[in-house]
There are 2 protein chains.
Amino acid sequence: SSSMRSSLAGVSGATPTEEMNGAGNLMDFLDEPFPDVGTYEDFHTIDWLREKSRDTDRHRKITSKSKESIWELIKSLLDAWSGWVVMLLIGLLSGTLAGVIDLAVDWMTDLKEGVCLSAFWYSHEQCCWTSNETTFDDRDKCPQWQKWAELMTGHAEGAGAYVLNYFLYILWALLFSFLAVSLVRVFAPYACGSGIPEIKTILSGFIIRGYLGKWTLLIKTVTLVLAVSSGLSLGKEGPLVHVACCCGNLFCSLFSKYSKNEGKRREVLSAAAAAGVSVAFGAPIGGVLFSLEEVSYYFPLKTLWRSFFAALVAAFTLRSINPFGNSRLVLFYVEYHTPWYMAELVPFILLGVFGGLWGTLFIRANIAWCRRRKTTQLGKYPVLEVIAVTGITAVLAYPNPYTRRSTSELISELFNDCGALESSQLCDYINNPNMSRPVDDIPDRPAGPGVYTALWQLALALIFKIVITIFTFGMKIPSGLFIPSMAVGAIAGRIVGIAVEQMAYHHHDWIIFKNWCRPGADCVTPGLYAMVGAAACLGGVTRMTVSLVVIMFELTGGLEYIVPLMAAAVTSKWVADAFGKEGIYESHIQLNGYPYLDVRDEFTHRTLATDVMRPRRNDPPLAVLTQDSTTVEDVETLIKDTDYNGFPVVVSRESERLIGFVQRRDLTLAIKNARQKQDGVVSSSVVYFTEDAPQLPASNPQPLKLRRILNLSPFTVTDHTPMETVVDIFRKLGLRQCLVTRTVSWKQTLSRLSLSPQASPGHHHQEGCLAPHGSDDEPGPRIHHVQLAAEPLHSSDDVNR
Amino acid sequence: SSSMRSSLAGVSGATPTEEMNGAGNLMDFLDEPFPDVGTYEDFHTIDWLREKSRDTDRHRKITSKSKESIWELIKSLLDAWSGWVVMLLIGLLSGTLAGVIDLAVDWMTDLKEGVCLSAFWYSHEQCCWTSNETTFDDRDKCPQWQKWAELMTGHAEGAGAYVLNYFLYILWALLFSFLAVSLVRVFAPYACGSGIPEIKTILSGFIIRGYLGKWTLLIKTVTLVLAVSSGLSLGKEGPLVHVACCCGNLFCSLFSKYSKNEGKRREVLSAAAAAGVSVAFGAPIGGVLFSLEEVSYYFPLKTLWRSFFAALVAAFTLRSINPFGNSRLVLFYVEYHTPWYMAELVPFILLGVFGGLWGTLFIRANIAWCRRRKTTQLGKYPVLEVIAVTGITAVLAYPNPYTRRSTSELISELFNDCGALESSQLCDYINNPNMSRPVDDIPDRPAGPGVYTALWQLALALIFKIVITIFTFGMKIPSGLFIPSMAVGAIAGRIVGIAVEQMAYHHHDWIIFKNWCRPGADCVTPGLYAMVGAAACLGGVTRMTVSLVVIMFELTGGLEYIVPLMAAAVTSKWVADAFGKEGIYESHIQLNGYPYLDVRDEFTHRTLATDVMRPRRNDPPLAVLTQDSTTVEDVETLIKDTDYNGFPVVVSRESERLIGFVQRRDLTLAIKNARQKQDGVVSSSVVYFTEDAPQLPASNPQPLKLRRILNLSPFTVTDHTPMETVVDIFRKLGLRQCLVTRTVSWKQTLSRLSLSPQASPGHHHQEGCLAPHGSDDEPGPRIHHVQLAAEPLHSSDDVNR
């Protein structure tokens, strides 16, 4: 229509400064020129610079408007505060969800063994709270809590009861896991896995629509409870990060500041990830550092401060729900009474080596298994796989008391120091009859038969956990890795701890023990070894460093034990890094072929941009648009024939002087829109990007002006730029593409460069490799095209569904 | 000599890929082509991209060599470990220095009042350790410790003794401060001030030679002790960061990896800053976050991890020295016994408002005073100024017991909860005679006369501290700001705390107290108010956020009180930000005119690169070099006439096609070197930057090839790039300069752009404003020159000497 044409003319009438700002200020004077312009397609990367520039424009507009009236001022203040409101809401919701999950998991885990007669919705512990038994062991046997066999047959003991309990345990486990995998399959395929690899990818600027949606949030919350309760070797920490990010995404949609800007949205998601870890471990500072170190890509100082706020709100919401019934924020509250000694660093470092080796083994085996799942028939039966693994887990776990209970309870017991009141098997030491009173500061004692039984049961549990975790992580149910890794480390650590303790007790005249371990002194704390082992194994798998130590520090609440933790974490990281730099999350990102440019990767090859750019010498020429001689049909053919994300616009094919860059999506939308709404735009219409329409014969149809969607400040580097600098620029500025200009040589080789960050043989990006353009000797600026490979993943199955 | 010429020919014979890498790989095949190439002049900014690229080259070289022999492999491993070794050394030395400083300050502060007879090198507390008095107050009066009057006249009491003590107190204070300011003046002018503004500037990439030198380290350590002991209103925390950075710089010189690369050196310095805060407060995590949030510019994850290591080592070294004699790591160890209540958030937020107002007042008044010092006669008599302020401080401080003692002792007492054994004036409550036993959980009691005396003394102390700190910070002695700020907040907080406590006691039937403050309950902790106030005031002055809360969290060791601290810190920051975005450090950076590009500054103007670049329309043309037609004399004239840091190299003045960028310093050095060592290079020799020598008449003298120093990949943006993007690129990539190319318009306006980050009226950078070049209509690539103003500060007095 002609009204549309005049509105377009209005655009070109804007002051040059206003209009020259490229795509950034596009939204300002024509609020929605056509739908979806400036958005991104699914499975594409965002352009951080453009998002940032759009936000600056928006902010500037609000600031200048705020001087006009009180109402606008209030609106601008509300806008400034919306970030804090979102953080508050994220903290409240993720804290609440974490509390609900904790309570539900407690109850359902116990439901596998029995039920509370006084109120069926009580977990074992809650059920026995009112009991007047004092010790832990006796309290376990309170009359209100009945095992299934006792309830059904009246017999609590005996082989029959044991078999019935065993059978029901397996049945419940299978039911829970079946429900979990079915819900995931039917309602939200994205709810599976830990979610951290995908969140890392999303935060680095990739778009996966629906991954953080409301539906995923709901299903992930429900299935997480089911999966953890089923007794599988998995934890809730990673999925909680995903849940918190879903909350963040949910609240983003309340404010256009965040919902309409993919860059700003990612700031909120970074903070949400911190809140997720904060509630997972009760460690707000650790959560912020985890988000900073492990998950986030762009983490400005403002986000640091807001993440901290969200993490604190989440932690305090969780504490007021008080799911652990002890007013403690942390999952594994421990208090040790003795310091550690220098000589103990040797076993701590050995635990670090173990952690590193376990990390390497786990990553290699798990990735191999996941690759097999992707490539063979196995991947076609996810429900069957989950059922089978649950069955095996339940059958093997029940007989061993250390695997039968929930993994977090196990870790909690392993971390604990043996006080005088402790009645668990692990604390079955032979007491000195002369010991006066049951204080907490108990000297080292010889191990009783219970400890030896516990030791071999723990050894079996260790082997079981190591093997089963490899097969569990990556199944189509929500599954976190923190708890199983920590369990492996805690078991190994406790075994080593008891060994050292007994050695010190029986051989306190040995030269190494002489100085610090007199008889009657409490010199070795096996629980500390368990904690160090847990940190080492977690570090080996995830390669977390500072955040790991800080989380552990927040668990113990004292600087006292930071040195052992640090020694183990450093050793573990070094050992694991010696076998391969990538942690489990990076490995899964690579396995799934996500376009992730790891900040920590060192670019070690010595190449220049000119060596990697495409097209190469024998490829077809670079796909470009000319500023005023391409027709609509040409453009459509170009879009159809290629799958690049965008095209450089040049003065003419001969001179190839660069004037700007146009996004594929914007081009498609603009042409579609013009064809529908603008009179006279036909296939033979000329598309022009200049300010004034080209001089065309009168017979030609109405030309189409597209300067609005042209980015006049595309990012360029010279072809002599070293590739490590190019990669650095991509990382730091979050570019989507970069053009290579040749300014030195006089030979013209018009080239396209496709820079793929994950150029592994298995990745799914199509790199544009076109045939040669030849060379001519005419001088002129040269354009090459360095593009971050972010072409759509054609098979959507790759996204870990 | 001809051998030199052939060696230069050898350079051009390198493979193109190798040689095209620009300045980065220069060092590889000619180890030292001429001295100092690739280094920077004093008061210039570094090029982060170039430093990074040089480090990558170095690393690559070592890696490839390591495969050659075992010895090279060992060398490469040593190189990889050198970072950790440096961190360890920094931790050890800065921890030791902090411990020595603490001990010396303790002793010398007490020396102003008296001396220990059993051993004169004991501080008051150490002297009375062996005393058998138990309460704090009585222990103060142990017989071994004698005040000066008692020692000299034998009379401990009476007006004469008071006057003599008063006089000697002032005398000692004047002696210490005179020594401090004289040592600073004579030996190390850079040792004055807190050092944090300068360290921020250095870490952002500026070179200030000697600022982190050995001499500064020594003098700053000694004078810090003197300054703190003199009783001036200053702290040791900021200077400790400077001391730690000096340690870092010292150990950098042991490894060529760090000493020869300004970028890598700054990574070490960031970690050293963390170690400094870690020992200042005993808060390693807070230290790392302080370095990340407040001080550092480029903080990769690797540095995070290493900073944490250095901070931990430093903290543990300090703890093994145990200067506070209580095995505690932290400066102000506190333990509160009661939780806080929701209603208390109101006074906490009020304290936050007070902190914000104090921050604003302090920054404005202090900056105004410092500006006056710089611009008037006052600045010419720094020794006299210090003497005068010390005299006034001592005269006013002695009569008031809360200002007489050291500020950290004061803060410590204000933070403390009044236990049953506490005998200080602040804890003079009227005890209930029915109270059974002196437990720590003491109910609220009515205030006794001691508390009321303390209250008005504290009020006087508050006014005194507020006024004197404004005049103290910025004098020519080492002076930190953390402790005085915290003292102001702690005094205000304690006063508010006592007021709320007494109100709650006397009016526990008021509606606000009814719910949480029953009679006989311990419901208000005045010490907590002091801590919240301290956090608020520190936050108002420095604008720290997360690091502040974490430091405070590490002081108390519990998450319990994070919400009050957070509320106060957030309020304080918001209130202070409402009056001005800059904290005290940024204000001092701006006052001193350092070229610092604040990451937190928002660029709010809507301009394009084309609007700000120089030369403008009526300026002389851009100073450029041509690739093969400039003579040595031309170059020398250009260097003499301009003071730009570098020059673009173009094909010819007509086409102005950019081929690269050459640094001023490299150019000067290369020509100087060639004139000395290379035959045939005279003033009329042609300088060429191409690969092959230009075709010259035989009569011409020997041409000079300078391709070696040409950076073939200068950073370019188009003139349509929005300025906020340009600033963002400068910040994120740490550029030294950036060229603007014009590719759209056909009008040629050859321009130079000088982008000064601190374009305040008082700054000392010379911006290149040259006259117009005119315009011609010939098409061709356009070069403009965006340069971060980092010209030398001509008056070296500006650097806070």
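What counts and how
- Residues numbered from 1 in each chain as written.
- Chains lettered and ligands numbered in written order.
- Predicted model: local features only at pLDDT ≥ 70, side-chain atom pairs only at ≥ 80, totals over all residues.
- Heavy atoms only, no water.
- UniProt positions renumbered as here; feature names shortened; annotations may be inferred.
- Helix = DSSP H or I, 4+ residues; strand = E, 2+ residues; numbered from the N terminus.
- Buried < 20%, exposed > 50% of the residue type's maximum accessible area, 1.4 Å probe, protein only.
- Contact = heavy atoms within 4.5 Å.
- Areas by Shrake-Rupley, 256 points an atom, 1.4 Å probe, with all protein chains shown as cover.
- Disulfide = S-S within 2.5 Å.
- Domains from an automatic or database assignment.
- Buried area = accessible area lost by both parts, 1.4 Å probe.
- Salt bridge = Lys/Arg side-chain N within 4 Å of Asp/Glu carboxyl O.
- Polar contact = N/O pair within 3.5 Å; in protein donor to acceptor, adjacent residues only side chain to side chain.
- Pairing = 2+ DSSP bridges.
- Axes fitted to C-alpha atoms, helices over the stretch in contact; angles between N-to-C directions.
- Core = buried A, V, L, I, M, F, W, Y, C linked by side-chain atoms within 4.5 Å.
- pLDDT = per-residue confidence, 0-100.
- Phe/Tyr/Trp six-rings, centres within 6.5 Å; stacked < 30°, edge-to-face > 60°.
- Patch = residues over 30% accessible without salt bridge, like charges linked within 9 Å, V, L, I, M, F, W, Y side chains within 5 Å.
- Expected span 1.5 Å × (residues − 1).
- Parallel < 35°, antiparallel > 145°, perpendicular 65-115°, else oblique.
- Left-handed = near helix turned anticlockwise from the far one by under 90°.
- Nonpolar A, V, L, I, M, F, W, Y, C, P; charged D, E, K, R; others polar.

An unreviewed UniProt entry annotates chain A as Chloride channel protein of Echeneis naucrates. The annotation that UniProt attaches to chain A under Sequence similarities (unreviewed entry) is "Belongs to the chloride channel (TC 2.A.49) family."

Student: How should I be thinking about the overall build of chain A in this particular structure?
Tutor: If you tally the helices and strands in chain A, you get 31 helices and 13 strands. Considering chain A as a whole, with its 801 residues, one finds that 62% of them fall into the buried category. Long-range pairs, those at least 24 residues apart, make up 77% of the contacts in chain A between residues at least 6 apart in sequence. Carbon and sulfur atoms provide 60% of the accessible area of chain A, an area that totals close to 29,800 Å².

Student: Any chance you could explain the state of the cysteines here in plain terms?
Tutor: Structurally, a disulfide amounts to a covalent bond that connects the sulfur atoms of two cysteines. Residue and element names in this part refer to chain B. Scanning the entire structure with this criterion turns up 2 disulfides over all chains. Across the disulfide, Cys116 is cross-linked to Cys127 (sulfur-sulfur distance 2.0 Å). Here the S-S torsion is close to 80°, and the disulfide linking Cys116 with Cys127 is therefore right-handed. Pair noted here: Cys116 is in strand β1 (residues 114-116) and Cys127 is in helix α6 (residues 124-127), with a separation of 11 residues, a long-range link. Cys127 matches Cys116 in its accessibility class, with the two residues each being buried.

Student: Any chance you could explain the domain arrangement of chain A here in plain terms?
Tutor: How big an interface is tends to be stated in terms of accessible area lost as the parts join. Residue and element names in this part refer to chain A. On domain assignment, one finds that chain A holds domain 1 (44-73), domain 2 (99-128 + 142-321), domain 3 (342-431 + 441-592) and domain 4 (609-751). Across the interface of domain 1 and domain 4, roughly 640 Å² is buried in total on both sides, 44% from carbon and sulfur atoms. On inspection of domain 1 and its partner domain 4, the count reaches 1 salt bridge. For the salt bridge of Asp666 with Arg50, the shortest nitrogen-to-oxygen distance reads 3.4 Å. For the pair domain 1 and domain 4, the interface holds 1 residue pair in polar contact (both at pLDDT 80 or more).

Student: It is not clear to me how the pairing of strand β6 (residues 658-663) of chain B should be interpreted in this structure. Could you clarify?
Tutor: Consecutive side chains along a regular strand alternate between the two faces of the sheet. Residues and elements named next belong to chain B. The element β6 is largely enclosed, with a buried count of 6 among its 6 residues. Looking at chain direction, strand β5 (residues 646-650) and β6 are connected through 5 bridges and run antiparallel. Note that in β6 the partner of Pro648 across the bridge is Phe661. In the sheet, β6 pairs with strand β9 (residues 710-711) via 2 bridges, with the strands oriented antiparallel. Within β9, the position partnered with Val662 by the bridge is Leu710.

Student: Help me understand the sheet that holds strand β5 (residues 646-650) of chain A, please; the structure alone is not making it clear to me.
Tutor: What holds strands together in a sheet is hydrogen bonding between their backbones, with the strands either parallel or antiparallel. Residue and element names in this part refer to chain A. Taken together, 4 strands build an open sheet; the order of strands is β3-β5-β6-β9 and the sheet is mixed. Edge positions in the open sheet fall to β3 (625-626) and β9 (710-711), since each of these has one partner strand only. As paired strands, β3 and β5 are joined by 2 bridges and run parallel to one another. Bridged to Thr626 within β5 is Val650. Contacts between helix α30 (residues 664-677) and the sheet are confined to β3, β5 and β6 (658-663), with β6 contributing the most and set at about 75° to the helix.

Student: I would appreciate a short explanation of the pattern of salt bridges in the present structure.
Tutor: One side chain can pair with another of opposite charge once the charged atoms of both are near each other. All names here are of chain A. Inspection of the entire model under this criterion finds 41 salt bridges over all chains. A salt bridge links Glu586 to Lys200, with the shortest nitrogen-to-oxygen separation between them at 2.4 Å. Within this pair, whereas Glu586 is found in helix α27 (residues 584-591), its partner Lys200 is found in helix α10 (residues 196-203), the two being separated by 386 residues in sequence. For the pair shown, Glu586 and Lys200 are each scored as buried. Across the pair Asp577 and Arg543 runs a salt bridge, and its minimum N-O distance is 2.9 Å. One end of the pair, Asp577, is in helix α26 (residues 562-579); the other, Arg543, is in the loop between α24 (526-542) and α25 (546-556), and 34 residues separate them in sequence. Arg543 gets classed as buried once you look at its relative accessible area, which sits at 3%. The structure contains a network of salt bridges with shared partners spanning Asp55, Arg58, Asp79, Lys257, Lys264 and Glu267.

Student: Sorry, what's going on with the environment of Leu269(A) here?
Tutor: Residue and element names in this part refer to chain A. Here Leu269 shows up in helix α14 (residues 262-281). For Leu269, a relative accessible area of 1% puts it in the buried group. Between the alpha carbons of Leu269 and His124 there is a distance of 36 Å; along the sequence they are 145 residues apart.

Student: Help me out: how do you make sense of the nonpolar core in this one?
Tutor: Note on soluble globular proteins: their nonpolar side chains tend to be buried together. By size, the foremost hydrophobic cluster in this structure holds 330 residues, and its most contacted members are Phe308(A), Phe415(A), Phe308(B) and Phe415(B). Apart from the residues lying within four places of it in its own chain, the contact partners of Phe415(B) are Phe332(B), Val334(B), Tyr336(B), Met486(B), Ala490(B), Arg494(B), Gly527(B), Ala530(B), Met531(B) and Ala534(B).

Student: Please explain the sheet that holds strand β4 (residues 630-631) of chain B as it appears in this structure.
Tutor: Residues and elements named next belong to chain B. The sheet built from 3 strands is open, its strands ordered β4-β7-β8 with mixed pairing. Edge positions in the sheet fall to β4 and β8 (704-705), since each has one partner strand and no second. Inspection of the sheet shows strand β7 (residues 686-688) paired to β8 by 2 bridges, in the parallel sense. Within the sheet, the bridge partner assigned to Val687 lies in β8 and is Leu704.

Student: Looking at this structure, I do not really get the confidence of the model for chain A. What am I missing?
Tutor: Atomic detail in the predicted coordinates should be set aside for any region of low pLDDT. All names here are of chain A. For chain A, per-residue confidence averages 78 on the pLDDT scale, and residues scoring 70 or more make up 79% of the total. Overall, residues 1-32 carries pLDDT values under 50, and its contacts beyond four positions in sequence, including any with other chains, amount to 57 contacts. The model gives residues 743-801 a pLDDT under 50, and that stretch makes 212 contacts with residues more than four places away or in other chains. This complex was scored by the predictor with a pTM of 0.82 and an ipTM of 0.80.

Student: Even after reading the chapter, I still don't get the packing of aromatic side chains, so can you show me in this structure?
Tutor: Pairs of aromatic rings are described using the distance from one ring centre to the other and the angle between the two planes. All names here are of chain A. Applying the stated criterion across every chain, the model contains 47 aromatic pairs over all chains. On the basis of an interplanar angle of 40° and a centroid distance of 5.6 Å, the ring pair of Trp172 and Phe176 is categorised as tilted. Residue Trp172 and its partner Phe176 are located together in helix α9 (residues 159-187), separated by 4 residues, close to a single helical turn. Residue classification places Trp172 among the partly exposed residues on the basis of a relative accessible area of 22%.

Student: What exactly am I supposed to notice about a nonpolar patch on the surface here?
Tutor: Taken together, the side chains of Ile70(A), Trp71(A), Leu73(A), Ile74(A), Leu77(A), Leu78(A), Trp81(A), Val85(A) and Trp574(B) define a hydrophobic patch exposed on the protein surface, amounting to about 910 Å² of accessible area. Per-element tally for the nonpolar patch: the top contributor is helix α5 (residues 70-111) of chain A, with 8 residues. Mapped onto the secondary structure, Trp71(A) falls in helix α5. Note on Trp71(A): relative accessible area 54%, which makes it exposed.

Student: Would you explain helix α30 (residues 664-677) of chain B in this entry?
Tutor: In an α-helix, one turn spans 3.6 residues; hence positions three or four apart end up facing the same way. With 14 residues, α30(B) extends 20 Å between its outermost C-alpha atoms, agreeing within 8% with the 20 Å of an ideal straight helix rising 1.5 Å per residue. Those residues of α30(B) lying buried are Arg664(B), Asp666(B), Leu667(B), Leu669(B), Ala670(B), Ile671(B), Asn673(B) and Ala674(B).

Student: What is the right way to look at the side chain of Asp57(A) in this model?
Tutor: Counting through the fold element by element, Asp57(A) comes out in helix α4 (residues 48-66). At 3.1 Å, the side chain of Asp57(A) forms a polar contact with the side chain of Arg60(A).

Student: Even after reading the chapter, I still don't get the side chain of Ser278(B), so can you show me in this structure?
Tutor: Considering the arrangement of structural elements, one finds Ser278(B) in helix α14 (residues 262-281). With residues near it in sequence (within four places) discarded, Ser278(B) still touches Ala283(B), Pro284(B), Gly287(B), Ala311(B) and Ala315(B).

Student: Just checking my understanding: could you explain the packing of helix α17 (residues 345-375) of chain B against helix α27 (residues 584-592) of chain B for this structure?
Tutor: What describes two packed helices is the angle between their axes and the distance between those same axes. All names here are of chain B. Where α17 contacts α27, the axes come no closer than 10 Å and their chain directions differ by 20°. The angle between the axes of α17 and α27 places the two elements in the roughly parallel class. Once α17 is placed against α27, the crossing between them reads as right-handed. Where α17 abuts α27, its residues Phe362, Ile363, Asn366, Ile367, Cys370, Arg371 and Lys374 lie against Ile584, Ser587, His588, Leu591 and Asn592. Within the contact of α17 with α27, the residues separate by chemical class into 6 nonpolar, 4 polar and 2 charged.

Student: Looking at this model, I keep getting lost on the pairing of β5(A). Mind explaining?
Tutor: Most of β5(A) sits out of view: 5 of its 5 residues are buried. Here β5(A) shows two buried faces, one formed by Gly646(A), Pro648(A) and Val650(A) and the other by Phe647(A) and Val649(A).

Student: In this structure, what is going on with the environment of Thr607(A)? I would like to understand it.
Tutor: Residue and element names in this part refer to chain A. For Thr607, the location among the structural elements is in the loop between α27 and α28 (609-612). Along the backbone, Thr607 and Glu724 are 117 residues apart, and their C-alpha atoms lie at a distance of 7.9 Å. When sequence neighbours within four positions are dropped, the list of residues in contact with Thr607 reads Pro722 and Met723.

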